[in-house]
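Structural characterization, general
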Amino acid sequence: MPRVTIPMLVRKHESGEPIVMVTAYDFPGARVADRAGVDMVLVGDSAAQVVLGYDSTVPVSTDEMLVLARAARRGTESAFLVCDVPFGSTEISDAQAIETAVRFVKEAGADAVKLEGGSEPRLSRIRAIVSAGIPVVAHLGLTPQTATALGGLRAQGRTEATATRLVREARGVQEAGAFCLVVEAVPAEITALLRDELRIPIIGIGAGEADGQVLVAHDLLGITEGRTAKFVKRYAQVGEDSAAAIAAYAAEVRSGAFPAPEHCYTATAEALAAARAELDRGRAERLDRGS
Ligand code: KIV
């Protein structure tokens, strides 16, 4: 499969073909997504929760994200690789934002970076990163890095104020140079209006019909424990299947059923005889020494 490029994504968008994005945070996850033929792999900062066990996306560091991004890059042959820049790595200045984005490109091989938010300072960061030659995916609606300021992990664009802000920010990120926009937890009707307005593709997550969709792999595979967001659809029960498989392994180890003969190597008669002779020699020496 040829490597997915921005012109290919633009063509898909123009022809109305939905763009498929999914998260991956390691080599096997990226391999599976790539083999499944997704267009875009996102090394999301959702890794903070689903891989690293933090209780939000806020604590994850650039260095932690880079380890995951490099592994995902090694597993991605065809898909377009987007990496989230974590909270705190772009907030201080445009120069800091460029420095962070450059690290994701140089050290992890990212094709693009994703930035949350559409306020004026965020637009300035997008402009700066794009002017450094790095493609940017914007992220609006529910932006988990700043969920506290939004009043929690709640849908956006359901009130006059948040709908107005969303439209304004969507125009802003497009004008700032983002080539694609992720919209999270937004009413489908608002997404439809944004699609009419923008030239760039909108990838939705909990945003109804869009130019593409993204889900967190651990949610769709059924690895995430407990309640997931309303917009998650589970396509497998990998978490339960994995726990059952490891419980079966533990039971077989305890009962002696594993390993079976087919999991064992065999020695030649000569190797066995040599090992026995070496043991006998050692025992004889110990007897001589009286130990
Ligand atoms: O971090 C992430 O996985 C994301 C998606 C939910 C879009 O930003």
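Because the structure is predicted, anything quoted here is derived from the model rather than measured. (Residues numbered from 1 in each chain as written. Predicted model: local features only at pLDDT ≥ 70, side-chain atom pairs only at ≥ 80, totals over all residues. Heavy atoms only, no water.)

In the vicinity of the ligand, 13 residues are found, and the nearest of them are Gly44, Asp45, Ser46, Asp84 and Lys114. For the ligand, an oxygen atom lies 2.5 Å from a polar atom in the side chain of Ser46. Protein burial of the ligand: of its 260 Å² of free accessible surface, 95% is covered by the chains. Looking at side-chain class alone, the shell around the ligand contains 5 nonpolar, 4 polar and 4 charged residues. (Near = heavy atom within 4 Å. Polar contact = N/O pair within 3.5 Å; in protein donor to acceptor, adjacent residues only side chain to side chain. Areas by Shrake-Rupley, 256 points an atom, 1.4 Å probe, with all protein chains shown as cover. Nonpolar A, V, L, I, M, F, W, Y, C, P; charged D, E, K, R; others polar.)

Strand order in the closed barrel formed by 8 strands is β1-β2-β3-β4-β5-β6-β7-β8, and the pairing between neighbours is parallel. With direction set aside, neighbouring strand axes in the sheet form an average angle of 25 degrees. As judged from the 2 bridges shared by strand β7 (residues 202-205) and strand β8 (residues 212-215), these two strands associate in the parallel manner. In the strand pairing of β8, Gly204 is matched with Gln213. Against the sheet, helix α4 (residues 62-75) engages β2 (40-43) and β3 (80-84), with an angle of about 170 degrees to β3. (Pairing = 2+ DSSP bridges. Helix = DSSP H or I, 4+ residues; strand = E, 2+ residues; numbered from the N terminus. Axes fitted to C-alpha atoms, helices over the stretch in contact; angles between N-to-C directions. Contact = heavy atoms within 4.5 Å.)

We now examine the packing of helix α7 (residues 160-176) against helix α8 (residues 188-197). Interaxial distance between α7 and α8 falls to 11 Å at its minimum, and their mutual angle equals 30 degrees. What the angle tells us is that α7 and α8 run roughly parallel. With respect to the hand of their crossing, α7 and α8 are arranged in right-handed fashion. Across the interface between the two elements, Ala163, Leu166, Val167, Ala170 and Arg171 of α7 pack against Ile190, Leu194 and Glu197 of α8. Of the residues belonging to the contact of α7 with α8, the class tally is 6 nonpolar, no polar and 2 charged. (Parallel < 35°, antiparallel > 145°, perpendicular 65-115°, else oblique. Left-handed = near helix turned anticlockwise from the far one by under 90°.)

Another point: the packing of aromatic side chains. We describe a pair of aromatic rings using the distance from one ring centre to the other and the angle between the two ring planes. By the definition in use, this model includes 2 aromatic pairs. Taken together, a centroid distance of 5.7 Å and an interplanar angle of 70 degrees make the contact between Phe80 and Phe179 edge-to-face. Pair noted here: Phe80 is in strand β3 and Phe179 is in the loop between α7 and β6 (180-184), with a separation of 99 residues, a long-range link. Residue class for Phe179 comes out buried when judged on its relative accessible area of 13%. (Phe/Tyr/Trp six-rings, centres within 6.5 Å; stacked < 30°, edge-to-face > 60°. Buried < 20%, exposed > 50% of the residue type's maximum accessible area, 1.4 Å probe, protein only.)

Purely geometric stuff here, so don't read any function into it on its own.
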